[in-house]
Amino acid sequence: MPDFAHAFARRTRLRGGDELTAILAGSPPGVLSMTGGFPNPATFATDELDAIAGRLVREDAAVALQYTPCTGIPSVREYLIERQEELQGRRPATRELMVTSGGMECIALMCQALIDPGDAVAVEAPTYLGALMAFGAAEAEVVPVAMDEDGLLVDALAERLEAGVRPKFLYTIPDYQNPTGRTLPLERRRALVELCRRHGVLILEDVAYRELTFGGASLPTLWSLAPDVVLQAGTFSKILFPGVRLGWAAGPADVIAELAAAKQNTDQCAGGLGQRLVEEYGRAGGFERHLPAARALYASHWAALSGALAATMPAEVSWTEPSGGFLTLVTLPEGIDTLALRPAALAAGVAYVPGPPFYVGDAGANTLRLSFSHLGEADLAAAAERLAGVVREALERRAAA
Ligand SMILES: Cc1ncc(COP(=O)(O)O)c(C=O)c1O
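Computed from a prediction, not measured in an experiment: that's the story for all the values here.

Each value, and the rule that gives it
- Residues numbered from 1 in each chain as written.
- Predicted model: local features only at pLDDT ≥ 70, side-chain atom pairs only at ≥ 80, totals over all residues.
- Heavy atoms only, no water.
- Helix = DSSP H or I, 4+ residues; strand = E, 2+ residues; numbered from the N terminus.
- Rg over C-alpha atoms; globule rule 2.2 N^0.38 Å.
- Buried < 20%, exposed > 50% of the residue type's maximum accessible area, 1.4 Å probe, protein only.
- Contact = heavy atoms within 4.5 Å.
- Core = buried A, V, L, I, M, F, W, Y, C linked by side-chain atoms within 4.5 Å.
- Domains from an automatic or database assignment.
- Salt bridge = Lys/Arg side-chain N within 4 Å of Asp/Glu carboxyl O.
- Near = heavy atom within 4 Å.
- Polar contact = N/O pair within 3.5 Å; in protein donor to acceptor, adjacent residues only side chain to side chain.
- Areas by Shrake-Rupley, 256 points an atom, 1.4 Å probe, with all protein chains shown as cover.
- Nonpolar A, V, L, I, M, F, W, Y, C, P; charged D, E, K, R; others polar.
- Expected span 1.5 Å × (residues − 1).
- Arc of directions from axis to C-beta.
- Buried area = accessible area lost by both parts, 1.4 Å probe.
- Pairing = 2+ DSSP bridges.
- Disulfide = S-S within 2.5 Å.

### Some details on the overall build of the protein chain
Scanning the protein chain from terminus to terminus reveals 14 helices and 14 strands. At 21 Å, the protein chain has a C-alpha radius of gyration in line with the 21 Å of a compact globule built from 401 residues. Its C-alpha atoms give the protein chain principal-axis dimensions of roughly 70 × 60 × 55 Å. Per-residue burial for the protein chain yields a buried fraction of 54% across its 401 residues. Within the protein chain, contacts between residues separated by at least 24 positions form 74% of all contacts whose residues are at least 6 apart in sequence.

### Looking at the nonpolar core
If you look at the biggest cluster of nonpolar residues, it comprises 55 residues, and the most contacted ones within it are L80, L157, L192, V230, F236, L240 and F287. Residues from two domains meet in this core; each of domain 1 (9–44 + 288–400) and domain 2 (46–286) gives at least three. Counting 31 residues, the second-largest nonpolar core is a separate cluster that includes I107, A140, F169 and L202.

### Here we look at the pattern of salt bridges
On inspection of all chains with the given rule, the structure shows 19 salt bridges. Here E105 and K263 are joined by a salt bridge, their closest N and O atoms 2.9 Å apart. With E105 in helix α5 (residues 103–114) and K263 in helix α10 (residues 253–264), the pair connects residues that are 158 residues apart, well separated along the chain. Since its relative accessible area comes to 11%, E105 is described here as buried. The shortest N-O distance in the salt bridge between R197 and E194 comes to 3.1 Å. Linking R197 with E194, this pair stays in helix α8 (residues 186–199), spanning three residues, or about one helical turn. Residues participating in the shared-partner salt-bridge network are R55, D60, E82, R276, E279, E280 and R283.

### A closer look at the site of the ligand
Among the 13 residues in the neighbourhood of the ligand, the closest are listed as G103, D206, T235, S237 and K238. Within the side chain of N178, a nitrogen or oxygen atom sits 2.9 Å from an oxygen atom of the ligand. Within the contact set of the ligand, an oxygen atom lies 2.8 Å away from a side-chain nitrogen or oxygen of Y209. For the ligand, whose unbound accessible area comes to 400 Å², protein coverage reaches 91%. Counted by class, the shell around the ligand contains five nonpolar, five polar and three charged residues.

### Things to note about helix α2 (residues 46–59)
Look at α2: 19 Å from first C-alpha to last across 14 residues, which is about the 20 Å you get at 1.5 Å a residue. Among all positions of α2, only L49, I52 and L56 are buried. Buried positions in α2, seen along its axis, are confined to an arc of 70° and lie on one side of it. Turned more than 90 degrees from where α2 packs its buried face, T46, D47, D50, R58 and E59 sit exposed. At its buried positions, α2 is contacted by α3 (61–64) and α11 (272–283).

### Re the domain arrangement of the protein chain
Where the parts come together, the accessible area they lose is often given as the size of the interface. On domain assignment, one finds that the protein chain holds domain 1 (9–44 + 288–400) and domain 2 (46–286). One C-alpha centre belongs to domain 1, the other to domain 2, and the line joining them spans 25 Å. Buried area between domain 1 and domain 2, both sides added, is near 3,200 Å², and the carbon and sulfur share of it is 63%. Counting the surface domain 1 buries against domain 2, the share from its top three residues, F44, F358 and V360, is 18%.

### Considerations on the side chain of T127
Note on placement: T127 falls in the loop between β3 (120–125) and α6 (129–137). Once residues lying within four places of it in the same chain are set aside, the contact partners of T127 are L132, Y171, I173, Q177, N178, P179 and F358.

### Side note on the sheet that holds strand β6 (residues 169–172)
Strands sit in the order β2-β9-β8-β7-β6-β3-β4-β5 across an open sheet of eight strands; the sheet is mixed. Each edge of the sheet is formed by a strand with only one pairing partner; in this case those strands are β2 (97–100) and β5 (151–152). Of the pairings in the sheet, the one linking strand β7 (residues 202–206) to strand β8 (residues 230–235) comprises four bridges and is parallel in character. The residue bridging E205 from the neighbouring strand is Q232, located in β8.

### What to know about the sheet that holds strand β14 (residues 367–371)
Taken together, the four strands give an open sheet; going across it, the order is β10-β11-β14-β13, and neighbouring strands pair in antiparallel fashion. Taken across any chain shown, the strands that pair with only one partner, and hence form the sheet edges, are β10 (318–319) and β13 (353–354). Pairing between β13 and β14: two bridges, direction antiparallel. When the sheet's bridge partners are listed, V353 is paired in β14 with R369.

### Brief notes about the state of the cysteines
As used in these notes, a disulfide is a covalent bond between sulfur atoms, one from each of two cysteines. According to the stated counting rule, one finds zero disulfides in the structure shown. C269 provides the cysteine sulfur closest to C70, a residue in no disulfide bond, and the two sulfurs are 7.5 Å apart. The thiol of C196 is not disulfide-bonded; the next cysteine sulfur, from C106, is found 17 Å away.

### A few points about the side chain of S306
Structurally, the position occupied by S306 is in helix α12 (residues 286–312). Look at S306 and you get buried, because its relative accessible area is 17%. A polar atom in the side chain of S306 sits 3.5 Å from the backbone oxygen of A303.

### Looking at the environment of V278
With respect to the helices and strands, the residue V278 is situated in helix α11. By relative accessible area, which is 0% here, V278 ends up buried. A sequence separation of 55 residues divides V278 from W223, and the C-alpha atoms of the two residues are 22 Å apart. Those residues in contact with V278, other than ones at most four positions away along the chain, are Y79, F236, L240, V244, L246 and F287.

See below:
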């Protein structure tokens, strides 16, 4: 067998990624998995999607099955513009919005369009693993900015900027953040866009979970507060289904133009069938009909998991309190290493994602991320109990050492 390792690009050796591959591969049978930020299949509106997809293939093949303009099918783009206006209170011009093949593609396009090797990108610490991997592959210098329970510390970013750090952009997830589930309050949103405007720093706002509140009102997006300094990456993965691989980018027209140019070098256009499916589903009121049940499902999952964590975890363990989304970040006592603890957890029949891959450098060793989107309530309670047992044993081992 020929060996092609000599042919692989240098950037393949920069890659992390094992953690994401493990998440996407799933867990062994019998293991209660709280790993992936996957939407619950019970939220997939299969009957409606079946009817729409069948109709599009029968009646709209010339558009839905064809290549599309790079920035999206015009009617789809128009629908997404109307949706921004309705949900975020601001209407982008046509040049200020494009269709993408999901949120992750928008992050990758931002890397292609803005990052030269060695350029700085500021991120929340911790942040979404997929984004960190993309920034690493683009050879960016990733600058972590501290968070507290209310999300990014704007003062900490201000200090970095005043000290001369010049990021190409700040990547932030203001709503139900990955991996912490935290949400940035309105005052901080205002302060953040003001700070970035003053320093000429672009913000990449990732709104992947924004529409999945447990019941409270949504806060204004950063893009709606400051469309001159914010590029918003949105996705239909969490609110429709990830297999559609569809999202949007909304922001300054010159940035959108560069993203579209970069897209010409990747997939050239998002799939037409998925674009038209989203448009038809949305125009027929699918999101309004189905999202309330999805929100209620995730809220009751979180209630089940947080109740079980409170009932079973040792007192020294803490976790974040999301008000939407799929995720919570658990902090174990110092000195307990969640990467090292994973085999014991799997042996006990529970899977989590260790925290360190969400951080830059070697922070977060005693943290782990739990997703409560996928398992049912009884399984979440059982999973929390198994995890608490594993943590208790680790604490006992530490005390005995
Ligand atoms: C914060 C965040 N952004 C983006 C994505 C990727 O979304 P998409 O499936 O649209 O590529 C995810 C998926 O887990 C995510 O958690």
